[in-house]
Amino acid sequence: MSQMQQESARKQAVADDRPGAGPEVHGPRRAKSSKTAPTHDGIPVRTISWKTRLRRDRQMILMMVPGVLFLALFFYLPILGNVIAFQDYQPFLGITGSDWVGLQNFVDLYFNPDFWVALRNTIVLAVWQLVLFFPVPLGLALIVDSLISTKIRRWFQSLVYLPHFLSWVLVIALFQQVLGGAGLVNNTLRDMGLDTIPFMTNPDTFPLLATIQLVWKDAGWAMIIFLASLAAIDGSLYEAAAADGAGRWRRMWHITLPGLRSIIVLLLILRIGDILSVGFEQFLLQHDAVGAGAAEVLDTFTYFAGVVGGGWSIGAAAGLAKGVVGALLIYAANKVAHKMGEPGIFQKKVG
Amino acid sequence: MTTTLHERRAVKRRSKGLTFNPGRPVWKEPASPFYNAVKGVIIGGISLSILIPILLVVATSLADDKQLIAAGGYVLWPTHPTFAAYHEIFSSDFMFRALGVSAFITAVGTALALFITITLAYATSRPVMFGRPVLLLVLFTLLFAPGLIPMFLMVKQLGLLNTVWSLILPGTFAAFNFVVMRSFFMNIPTELIEAARIDGASDFMILRRIVLPLSKAVVAVVGLFYAVGFWNAFFNAMLYINDQTLYPVQLVLRNFVVQGGSMADAIGVTSAPPPQSLQMAIVVIALLPILIVYPFLQKHFNKGVITGAIKG
């Protein structure tokens, strides 16, 4: 036991001192000294017994307790709860009392047309988001970066970050007030004697509406990561290019875009890996207004089939299938990103 | 790194005590009126698309009956501003209770979440025993989610259904915030911590006296993320709460504004302000706290707290 602990401690010490060792850190990093076994060129020169380490690190270990407790209660135990996907779960019988049905729930899912509608809608929405949402933050960042007045720049940034912090309920409420059947635009149309346009309730145009809502809410915030990459481009490159006679478009094509290439590729790959998650509250809130045919996505399917409809096991099966496929996709996307020499998963979300 | 003329100019200006505005670098061609116009239209259009809906709800909530009817339901500027709608909403304790629930889950939730995140992020940011395996436990959460139904069953199992704790506890940790926090802690020079240790400080004391005072910006930003998350959460309430007296503001907003439910049942409204104003007043009540805290916290966004973490 103690031998094993020492061994792993040594490995950990080695891993900690190697630059860019963990999946979460990239680039050189300050060598951690003296708290673990000191190492030279990755080779431990001295080891400390695990008892000493335990005594020395006891406060740090104590600090991990609340977080680990949280993870156990609200992450790892619920993961075990997914076993009901393989049961005919009855709330009054509980997990231990319900019958095991093997893969029956997944077979039912396969023959359930609603599930396929939800899957289709999810993928359609993901494609819309990829085409219409993805380029917007990039374009915005290029415009903001080109602003010379720091005042306008700061003011504009503050304004476009704001909608990210509004809840989906609020965003949908605001959209209703402007575009809804009794909203500002339709009121004006009616006053002018024109026909009203059912922006908020037409299932055919719903993917477009949903994407516009997403752009309104999050495009500004998503810009932040592009702005950071733009700021990291060496300014002297632009000066040199200008001296060689490159105009603004040539500079953008030959300096700016290559400078952003890696971040664009990375975000794109990770978005594709995350294709089964298109959002949840946004679609749940508009489920009634446009109908399940357009607004049902995998997550809302899980909710309506499971919690509302009482088909706990079917819902859990849908959720589990989505979770597993989603995890595999994210993992694969991350691998692709690594293969292309880009850092990994943490660029997935910007807040 | 070579400095450009334009950077040198900026440094000179700053040394003269002028505000940092580098202006147009010499090598850049003068702005063309055409591009400026295009940029102006885009920036103006986007700004208006954000400002107008907000102005619309604020103005409509304050508009009086007569103007509202004349304008057909919406106004962009109240000619005779009145707080009648707010009066009405706060005439029963329904909205007070919702605000109280939201304020409670936001305050307690954020405090708890910051505590969990800070301690875990600090402990795993240093090479200590169990640091690696615990880190892997957290990183796995980025890959996979337990799913809605198992979460529901867990909350039910813990006996939290229909209590405010069901709105607080499941949200007290987010791996993304953990990553932001941890990468900030990892950039704190080890020497500082070593020095404190030699002076006899315990790990708790180092965290409180050395690390946290250096991390105000990241604590502010992560705290904001958590607070906004708690204030904005509506689905958890829909899932876990049946009891109307425990509804947070977002659920009230959803039931009465998005779903268009009748407020008369809840508040006992008889007449007075038109329903439009009432609805808008609820929107404003949900919006206002965000608008109030936002300016204080948004100044941290550009300091690289978030992007620093993202770039590793």
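Every residue gets a number counted from 1 within its own chain, in the order that chain's sequence is written. Numbering of ligands from 1 and lettering of chains from A proceed in the order in which they are written. Local features in this predicted model are restricted to residues whose pLDDT is 70 or higher, and side-chain atom pairs enter the listing and the counts only when it is 80 or higher, whereas totals over whole chains, interfaces and linings include all residues.

Engineer: Residue-level account of the overall build of chain A, with values.
Structural biologist: In terms of regular secondary structure, chain A is built from 17 helices and 4 strands. Partly exposed residues are those whose C-beta has more than 12 but fewer than 20 other C-beta atoms within 10 Å; with 20 or more the residue is buried, with 12 or fewer it is exposed, and the C-beta atoms are placed from the backbone. Burial status across chain A gives 40% buried among its 351 residues. Contacts in chain A between residues at least 24 apart in sequence constitute 64% of all its contacts with a sequence separation of at least 6. Going along the chain from the N terminus, every DSSP run of H or I of four or more residues is numbered as a helix, and every run of E of two or more is numbered as a strand. Residues are scored as being in contact if the C-beta atoms we place from backbone atoms lie within 7 Å.

Engineer: Tell me what's going on with the overall build of chain B, and back it up with residues and numbers.
Structural biologist: From N to C terminus, chain B includes 17 helices and 0 strands. Across the 312 residues in chain B, those meeting the buried criterion constitute 41%. Pairs at least 24 residues apart make up 71% of the contacts formed inside chain B by residues separated by at least 6 positions.

Engineer: How would you summarise unusual backbone geometry if you had to cite specific residues and measurements?
Structural biologist: Residues and elements named next belong to chain B. Although it is not a glycine, F130 sits at a positive phi angle of roughly 70 degrees. Mapped onto the elements, F130 comes out in the loop between α5 (93-125) and α6 (131-140). Although it is not a glycine, N162 sits at a positive phi angle of roughly 65 degrees. With respect to the element layout, N162 can be found in the loop between α7 (148-157) and α8 (165-168).

Engineer: Tell me about the UniProt feature "transmembrane region" (unreviewed entry) in chain B, residues and numbers included.
Structural biologist: UniProt positions are given in the numbering used here, feature names are shortened, and annotations may be inferred rather than shown by experiment. With numbering aligned to this structure, UniProt lists the feature "transmembrane region" (unreviewed entry) at residues 34-56, 98-122, 134-153, 159-180, 217-241 and 278-297 of chain B. Secondary structure within residues 98-122 of chain B divides into 100% helix and 0% strand; the distance between the first and last C-alpha atoms comes to 35 Å.

Engineer: Account for the interface of chain A and chain B, naming residues and giving values.
Structural biologist: Taken together, the contact pairs 94 residues of chain A with 90 residues of chain B. When residues in the side of chain A that touches chain B are grouped by element, the largest group, 16 residues, is from helix α3 (residues 58-81) of chain A. When residue character is reported, Ala, Val, Leu, Ile, Met, Phe, Trp, Tyr, Cys and Pro are called nonpolar, Asp, Glu, Lys and Arg charged, and the others, Gly included, polar. Across the side of chain A that touches chain B, the residue classes tally to 55 nonpolar, 25 polar and 14 charged.

Engineer: Please give an account of the confidence of the model for chain B that cites residues and values.
Structural biologist: Reading fine detail from the predicted coordinates is not recommended where pLDDT is low. The pLDDT value tells you how sure the predictor is about a given residue, anywhere from 0 up to 100. Of the residues in chain B, 85% reach a pLDDT of 70 or more, and the chain-wide mean stands at 83. Interface confidence in the predicted complex, given as ipTM, is 0.84; pTM for the same model is 0.82.

Engineer: Give a detailed account of the domain arrangement of chain B, specifying residues and quantitative values.
Structural biologist: Residue and element names in this part refer to chain B. Domain boundaries shown here were taken from an automatic or database domain assignment. Domains assigned within chain B are domain 1 (23-82) and domain 2 (87-310). The centre of domain 1, based on its C-alpha atoms, is set 31 Å off from the matching centre of domain 2. Domain 1 puts 8 residues into the contact, and the matching count from domain 2 is 8 residues. Within the residue set of the side of domain 1 that touches domain 2, elements represented by two or more residues are α2 (33-62) and α3 (65-71). With 4 residues, α2 is the largest single contributor of residues to the side of domain 1 that touches domain 2. Here the side of domain 1 that touches domain 2 is composed, by residue class, of 4 nonpolar, 3 polar and 1 charged.

Engineer: Now, about the packing of helix α17 (residues 312-339) of chain A against α7 of chain B: what can you tell me, with residues and values included?
Structural biologist: When two helices pack together, their arrangement is captured by the angle between the axes and the distance separating the axes. For every element, the axis is a line fit to its C-alpha atoms; helices are fit only across the contacting stretch, and the angle between N-to-C directions ranges from 0 to 180 degrees. Close contact between α17 of chain A and α7 of chain B brings their axes to 7 Å; oriented N to C, the two are set at 125 degrees. As the angle between them shows, α17 of chain A and α7 of chain B are arranged oblique. Two secondary-structure elements touch here, α17 of chain A through W312, G315, A316 and G319 of chain A and α7 of chain B through L148, I149 and P150 of chain B. For the contact of α17 of chain A with α7 of chain B, the per-class residue count stands at 5 nonpolar, 2 polar and no charged. What sets the label is the angle itself: under 35 degrees gives roughly parallel, over 145 gives roughly antiparallel, 65 to 115 gives roughly perpendicular, and the rest give oblique.

Engineer: Now, about the nonpolar core: what can you tell me, with residues and values included?
Structural biologist: Membership of the largest hydrophobic core comes to 162 residues, with the highest contact counts inside it found for L170 of chain A together with L253, I282 and V283 of chain B. Setting aside chain neighbours within four positions, we find L253 of chain B in contact with V169, L170 and A173 of chain A together with V258, I282, V283 and A286 of chain B. Joined through C-beta atoms within 7 Å, a set of buried Ala, Val, Leu, Ile, Met, Phe, Trp, Tyr and Cys residues constitutes a nonpolar core.

Engineer: Which residues make up the environment of D218 of chain A, and what are the values?
Structural biologist: Secondary-structure assignment places D218 of chain A in helix α11 (residues 206-231). Considered as a pair, D218 of chain A and P137 of chain A are 81 residues apart in the sequence and their alpha carbons are 8.7 Å apart.

Engineer: Talk me through helix α6 (residues 113-133) of chain A; I want residue IDs and the actual numbers.
Structural biologist: All names here are of chain A. Any helix carries an expected span of 1.5 Å times its number of residues minus one. Compared with the 30 Å implied by 1.5 Å per residue over 21 residues, the 29 Å span of α6 between its first and last C-alpha is a close match. Along α6, the positions that sit buried rather than exposed are F115, A118, N121, T122, L125 and A126. For α6, the angular spread of the buried residues around the axis is 135 degrees, confining them to a single face. Opposite its buried face, α6 presents the exposed residues P113 and V131, each directed more than 90 degrees away. Lining the buried residues of α6 we find α5 (104-110), α11, α15 (292-295), α16 (298-308) and α17. Along the arc lie the directions from the helix axis toward the C-beta atoms.

Engineer: Outline the packing of α11 of chain A against helix α13 (residues 248-273) of chain A, listing residues and values.
Structural biologist: All names here are of chain A. Axis separation between α11 and α13 bottoms out at 9 Å; the angle between their running directions is 140 degrees. Considered as vectors, α11 and α13 are oriented oblique to each other. Along this stretch, α11 crosses α13, giving a crossing that reads as right-handed. Together, I225, F226, S229 and L230 of α11 and G259, L260 and I263 of α13 make up the contact between the two elements. In a left-handed crossing the near helix is turned counterclockwise from the far helix by less than a right angle, and in a right-handed crossing that turn is clockwise.

Engineer: For helix α9 (residues 175-186) of chain B, give the residues involved together with the corresponding values.
Structural biologist: Helical geometry note: an α-helix holds 3.6 residues per turn, so side chains three or four residues apart project in the same direction. All names here are of chain B. Taking 1.5 Å per residue as the helical rise, α9 with its 12 residues ought to reach 16 Å, and the 16 Å between its terminal C-alpha atoms agrees with that figure. Among the 12 residues of α9, 10 are classified as buried, and the element is accordingly described as predominantly covered. Turning to α9, its buried residues number three or more, namely N177, F178, V179, V180, M181, R182, S183, F184, F185 and M186.

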